Amino acid sequence: MFKALLQSFSESADGSRGPERLAALRAALAAGNLDGYLVPRADQHQGEYVPPCDERLAWLTGFTGSAGGAVVLMAKAALFADGRYTEQAAAQTDPSAFERVLWPPGTIDGWLRRHAPSGSRIGFDPALHTPGEIERFTKGLNSAGIHLVPCENNPIDALWQDRPAPSDGRIVLQPARLAGETTAQKLARIRAALADERLDALLISDPHALAWTFNIRGADVAYTPLPLGYALIPAKGRATVFVAPSKLTAAVPRALAPHAEIAAPDALEATLEAAAHGARSVSHTSSSLA
């Protein structure tokens with residue numbers, strides 16, 4: 001069913017290319033009227049492990065640790081990593097391109113307050129940060145006159161010419177005898193909780209919660225059998241599971257048919273907009289690291 005993977009410690013990122021990639025990113029930021037950019041380690045699901053196509057931090061800096069981030073300004077750039085990665089960050093990144101900051105005690109907003117001029121416009125990809133994280137950064141930067149600017153398109157994606165394709169890991173069923181409860185039982189418990197909270201729906205963006213709710217497993221990231229995707233569970237009516245249909249083994253649509261529709265991930269936004277009309281509120285569960 002799954003291929004066992006052991007950590008190899010082989011690195012695909014190349015820190016020696018950091019200066020040239022940093023220069024290309026700065027040119028793209030200048031063209032977009034931005035003075036800087038936030039580059040998190042996280043993908044849109046905020047998981048510890050991300051698929052190769054979302055290793056933006058590693059592509060830019062060469063750093064491949066499982067936690068960290070970077071900030072790019074026109075004259076300076078910094079890589080933030082915690083104490084687990086002190087030696088790794090030093091070995092993988094070019095010190096002429098990136099200042100290495102121990103995080104904590106160093107913070108991204110604190111570094112920006114010291115180095116970004118007042119009036120700076122710092123871009124970020126809204127899909128890669130939690131609302132709590134952006135709220136915290138905004139509070140820390142407003143007093144210094146530094147503004148965060150959401151960007152519709154991530155400039156790194158445009159520069160990353162050999163970016164890997166999105167994962168096509170197969171999604172399979174997890175037997176109820178191993179899961180402990182059926183999907184129907186879990187959905188009933190979720191809907192009872194929605195009723196208690198007077199909520200109209202639950203949005204799932206955490207792949208762990210997606211796998212648990214629908215008794216499925218995937219192969220989209222290393223070391224953890226997770227399917228990357230979303231789900232929208234209304235208090236009444238059928239749920240919708242947003243995963244690439246091509247990744248589903250034949251048994252999955254049959255098992256989910258009584259409970260959920262299957263839709264492509266790019267249909268999520270339109271589905272949410274349609275669901276929002278007339279809804280009181282939608283709860284959200286995610287693997288937030290903020």
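Structural data are supplied above this passage.
Note that this is a predicted model, so its numbers are computed, not measured. (Residues numbered from 1 in each chain as written. Predicted model: local features only at pLDDT ≥ 70, side-chain atom pairs only at ≥ 80, totals over all residues. Heavy atoms only, no water.)

K.L.:
Is there a simple way to think about the packing of aromatic side chains in this case?
P.N.:
To describe a pair of aromatic rings, you give the distance between the ring centres and the angle between the ring planes. Scanning all chains against the criterion turns up five aromatic pairs. Pairwise contacts between aromatic rings join Phe80, Trp103 and Trp111 into one cluster. (Phe/Tyr/Trp six-rings, centres within 6.5 Å; stacked < 30°, edge-to-face > 60°.)

K.L.:
Just checking my understanding: could you explain helix α4 (residues 108-115) for this structure?
P.N.:
Residues lying three or four places apart along an α-helix face the same way, a consequence of the helix completing one turn every 3.6 residues. Taken together, the buried positions of α4 are occupied by Ile108, Asp109, Gly110, Trp111 and Leu112. Along its buried surface, α4 packs onto β1 (36-40), β2 (69-73), β3 (77-81), β4 (99-102), β5 (121-124) and α5 (131-142). (Buried < 20%, exposed > 50% of the residue type's maximum accessible area, 1.4 Å probe, protein only. Helix = DSSP H or I, 4+ residues; strand = E, 2+ residues; numbered from the N terminus. Contact = heavy atoms within 4.5 Å.)

K.L.:
Whenever I open this one, the packing of α4 against α5 confuses me. Can you help?
P.N.:
Angle between the axes and distance between the axes: these two values describe a pair of packed helices. At a closest axis distance of 9 Å, the pairing of α4 and α5 adopts a crossing angle of 25 degrees. Taken together, the axis directions place α4 and α5 in an arrangement best described as roughly parallel. Considering how the two elements wind past one another, α4 and α5 form a crossing that is right-handed. In contact with Ile108, Asp109, Leu112 and Arg113 of α4, α5 contributes Phe137, Gly140 and Leu141. (Axes fitted to C-alpha atoms, helices over the stretch in contact; angles between N-to-C directions. Parallel < 35°, antiparallel > 145°, perpendicular 65-115°, else oblique. Left-handed = near helix turned anticlockwise from the far one by under 90°.)

K.L.:
Honestly, the pairing of β4 in this entry has me stumped. Any pointers?
P.N.:
Where a strand is regular, its side chains alternate between the two sheet faces. Here β3 runs beside β4; their pairing, made up of four bridges, is parallel. Looking at β4, one finds that phenylalanine 80 is bridged to valine 101. A crossover links β3 with its parallel partner β4, the connecting element being helix α3 (residues 86-92), and its sense is right-handed. (Pairing = 2+ DSSP bridges. Right-handed = clockwise from strand over helix to strand, strands pointing away.)

K.L.:
What am I meant to see in the pairing of strand β6 (residues 147-150) here?
P.N.:
Here four bridges tie β5 to β6, and the two strands are oriented parallel to one another. When the bridges of β6 are listed, glycine 123 appears paired with valine 149. Handedness of the β-α-β unit built from β5, α5 and β6 comes out right-handed.

K.L.:
Looking at this structure, how should I read the sheet that holds β5?
P.N.:
Strands in a sheet are paired, the pairing made by backbone hydrogen bonds, and the direction either parallel or antiparallel. Read across the sheet, six strands follow the order β4-β3-β2-β1-β5-β6 without closing on themselves; strand pairing throughout is mixed. The sheet is open, and its two borders are formed by β4 and β6, each paired with just one other strand. Neighbouring strand axes in the sheet, compared pairwise and without regard to direction, differ in orientation by 25 degrees on average. Contacting β1, β2 and β3, helix α1 (residues 18-31) crosses the sheet at an angle of about 60 degrees to β2.

K.L.:
Looking at this structure, how should I read the side chain of asparagine 215?
P.N.:
Locating asparagine 215 in the fold gives a position in the loop between α9 (207-214) and β9 (216-217). Judged by its relative accessible area of 5%, asparagine 215 falls in the buried class. In this structure the side chain of asparagine 215 is engaged in a polar contact, spanning 2.6 Å, whose partner is the side chain of lysine 186. Not counting the four nearest positions on each side in its chain, asparagine 215 is found in contact with Val172, Leu173, Gln174, Ala176, Ala179, Glu181, Thr182, Thr183 and Lys186. (Polar contact = N/O pair within 3.5 Å; in protein donor to acceptor, adjacent residues only side chain to side chain.)

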